[in-house]
Every structure is written in structure tokens, then in C-alpha cells.
Amino acid sequence: MKIISWNIDSLNAALTSDSNRAKMSRDVLDTIIKEDADIICLQETKLPRTGPSKKHKQILESYFPQYNYAWISSQEPARKSYAGCLTFYKKEFEPIISYPTLDAPDTMDQEARIITLEFDNFYLTQVYTPNAGSGLSRLDLRQVWDKKYANYLEKLDQNKPVIACGDFNVAHKEIDLKHPENNHKSAGFTDEERSGFTNLLNKGFVDTFRYLHGDVEGKYTWWAQRVKTSKINNSGWRIDYFIVSDRIKEKIKESDMIDSGDRQDHTPIYINIDI
């Protein structure tokens, strides 16, 4: 089974805008479609509270005729058209779909951050983890989220194996970003966030990329848009992951990045697993 995950940073814009960046996003969508994945998980869709509009649905059908999809959008009191997730799955599948909440702090449960698909012998869940924010304004809340999310995956794992993917908004180790020495106080690389990811793995999960590729360096999933040379210089971060239950790690065949060309921000990642 092949699964792709991508923080698209506005599916809405990708489908409806004529900006240069939206055109690059559509180029990445074309690349993803050619991969013929069984499941495609998108984060940060930024769709309206009511979900895909009629126009969105028509375009999605033209892009993904072989798939059904599940979506979740931010609801009050969370910001409008904020965060959001959407999961495509081949029409031959009939998963049980849920939209879990974690009893998380602030408006995090209303920010549309998790979709879970239950299959006969495993769970596939995607997440858009809250960012610690400018000036680490949300770091304390993020730590609560990390604990509750780890507990959620642990609970799923007690029932059947788990494949979890998405934008986890943390570079776990120093080799997961180009300039660790300058970023120990930056959102996504604080000791607290890295410890939260370690806690998650310690509950019986494996970072599939590191499991297959060891300590390879220079492989990233995100490059800052505001720094024009970030991708040219490969000054990136690896903050998007596929993690799986430890007991199915030997079923992993591939776990890697998909080339997104000149487009900065996130690049898609994928896993091929014999599940």
C-alpha cells in the first residue's frame, strides 16, 4: 500500500487561485496523482467551515476521479478557514472514518487537525500538529497537545497497528534541520517539542524515514518561503513524518520525500508498506 502525506498550505488556493504559487501547487498535485497512491493525506487545507464548495468538488473530481475523500474544517471559536485536513482514499476501500478530538487546550480541538481511517487490520491517521507560534506563544499549549496526541495513538495501537502521518511541526534531531545551532529557541526545535516527539516514539512507534535511512543528513520536508534561497541552499527542516507501530516496522518498504520542484514550504512524503 502506498500512502502520501502533504501539507499543501491551502488546498483552497491551489484549486482556485491564479497566483504563481498556486500554479506550482497544482504542479505538485499532478506529481502526486502520477504516484497512484492508495491514500493521500492533505494538511492545512484552509477550506471554509462548510468544507469544499461546489467549485472545489468539481475540481477535485477532475483531479481525483478514483478517490472518495473525507474532510474536516475549522469551526468556531477557531479561526475561519484555518488549518484543516482532507484524506483521499481509493473507492475500493470502505474505511470507518472518525474526526477525533483530544480534549486539547484553547481552540485546538476546533482547528480540524486529525482524521482517522480504520481498516480491517490497521488505522491510518493524519495530523496537523499545532505550531508553537511566534515567540513560542503557544509552546505550553503545544506540550499539552503532544501528550494527549501520544496517548491517543497509544490507545489506537492497543486495538490494531497504527500508521500516522502528517505535519508534526518538529524537527526531532539535530540532523533533521540544516542549522540546529541557531534554532534551539525556535518553534519546531525547542527541547520541549523534541521531547514530546521522543515521548510519542517511546510509546511503541517508529519514525519510518530514520528506520530505513539511518542517520542520513540533508533530507528535509520544509523550506521557509520567506527566505528566497532556502530551497536552493537546501536550508530545510524535516518536520513531516510517517510513523508506524513498532510491530509492523519490518513491513515498511519505502519511506521518502517526493520532489516538489521549485515550490518552497512543504514537500510531499510517502510510505510504501506491506499492510
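It should be noted that the structure appears before, not after, this text.
None of the values given here were measured: they were computed from a predicted structure.

(A) Examining helix α4 (residues 139–157) more closely. The end-to-end C-alpha distance of α4 is 27 Å, a good match for the 27 Å that 19 residues give at a rise of 1.5 Å each. All of the buried residues along α4 are L139, R142, W145, D146, Y149, A150, Y152, L153, L156 and D157. Axial view of α4: buried residues confined to an arc of 160 degrees, hence all on one face. Exposed and oriented more than 90 degrees from the buried face of α4 are D140, K147 and K155. On its buried face, α4 is in contact with β6 (114–118), β7 (123–128), β8 (162–167), α5 (191–201), β9 (205–207) and β11 (240–245).

(B) Expanded view of the pattern of salt bridges. Going through the model one piece at a time under the given rule, you end up with 20 salt bridges. Residues R21 and D265 are paired through a salt bridge, measuring 3.7 Å at the closest nitrogen-oxygen approach. With R21 in helix α2 (residues 20–34) and D265 in strand β13 (residues 265–266), this pair connects stretches of sequence that are 244 residues apart. The class for D265 is buried, based on a relative accessible area of 6%. Of the charged contacts, one joins D146 and R142 as a salt bridge, the two residues approaching to 3.0 Å between their closest N and O atoms. Taken together, the residues span about one helical turn, with D146 and R142 both in helix α4 at a distance of four residues.

(C) Up close: the side chain of D176. Tracing the chain through its elements places D176 in the loop between β8 and α5. In this structure the side chain of D176 is engaged in a polar contact, spanning 2.7 Å, whose partner is the side chain of R210. When neighbours within four sequence positions are excluded, D176 is seen to be in contact with A171, R210, Y220, G236, W237, R238 and Y241.

(D) Representation of unusual backbone geometry within the structure. Residue P77 is bonded to the preceding E76 through a cis peptide linkage, with omega at 5 degrees. The phi angle at E44 is positive, at roughly 55 degrees, despite the residue not being glycine. Mapped onto the secondary structure, E44 falls in the loop between β2 (39–43) and α3 (54–63). A relative accessible area of 13% means that E44 is categorised as buried.

(E) Just α5, in detail. Within α5, burial applies to E193, R194, G196, F197, L200 and L201. Buried residues of α5, seen end-on, are gathered within an arc of 155 degrees and therefore sit on one face of the element.

(F) How the structure looks around the sheet that holds strand β5 (residues 96–98). Taking strand neighbours across the sheet as the criterion, the six strands line up as β5-β6-β7-β8-β11-β9 in an open arrangement whose pairing is mixed. Both outer strands of the open sheet, β5 and β9, are each paired with one neighbouring strand and no more. Averaged over all adjacent pairs, the angle separating strand axes in this sheet is 20 degrees, with direction ignored. Note: β7 against β8, six bridges, orientation parallel. Looking at β8, one finds that L124 is bridged to I163.

(G) Focus on the sheet that holds strand β12 (residues 252–257). The mixed open sheet is built from six strands, whose spatial order is β3-β4-β2-β1-β14-β12. With one partner strand each, in any of the chains shown, β3 (67–72) and β12 form the two edges of the open sheet. The mean angle between the axes of side-by-side strands here comes to 10 degrees, regardless of whether they run parallel or antiparallel. Bridging between β3 and strand β4 (residues 85–90) involves six bridges; their strand directions are antiparallel. The residue of β4 that forms the bridge with Y67 is K90. This element, α2, spans β1 (2–7) and β2 of the sheet and lies at about 170 degrees to β1.

(H) Representation of the environment of I252 in the model. By the secondary structure assignment, I252 is in strand β12. Overall, the relative accessible area of 6% leaves I252 in the buried class. In this structure, I252 is in contact with T208, Y211, L212, V244, I271, N272 and I273, ignoring residues within four places of it in sequence.

About the cut-offs
- Residues numbered from 1 in each chain as written.
- Predicted model: local features only at pLDDT ≥ 70, side-chain atom pairs only at ≥ 80, totals over all residues.
- Heavy atoms only, no water.
- Helix = DSSP H or I, 4+ residues; strand = E, 2+ residues; numbered from the N terminus.
- Expected span 1.5 Å × (residues − 1).
- Buried < 20%, exposed > 50% of the residue type's maximum accessible area, 1.4 Å probe, protein only.
- Arc of directions from axis to C-beta.
- Contact = heavy atoms within 4.5 Å.
- Salt bridge = Lys/Arg side-chain N within 4 Å of Asp/Glu carboxyl O.
- Polar contact = N/O pair within 3.5 Å; in protein donor to acceptor, adjacent residues only side chain to side chain.
- Pairing = 2+ DSSP bridges.
- Axes fitted to C-alpha atoms, helices over the stretch in contact; angles between N-to-C directions.

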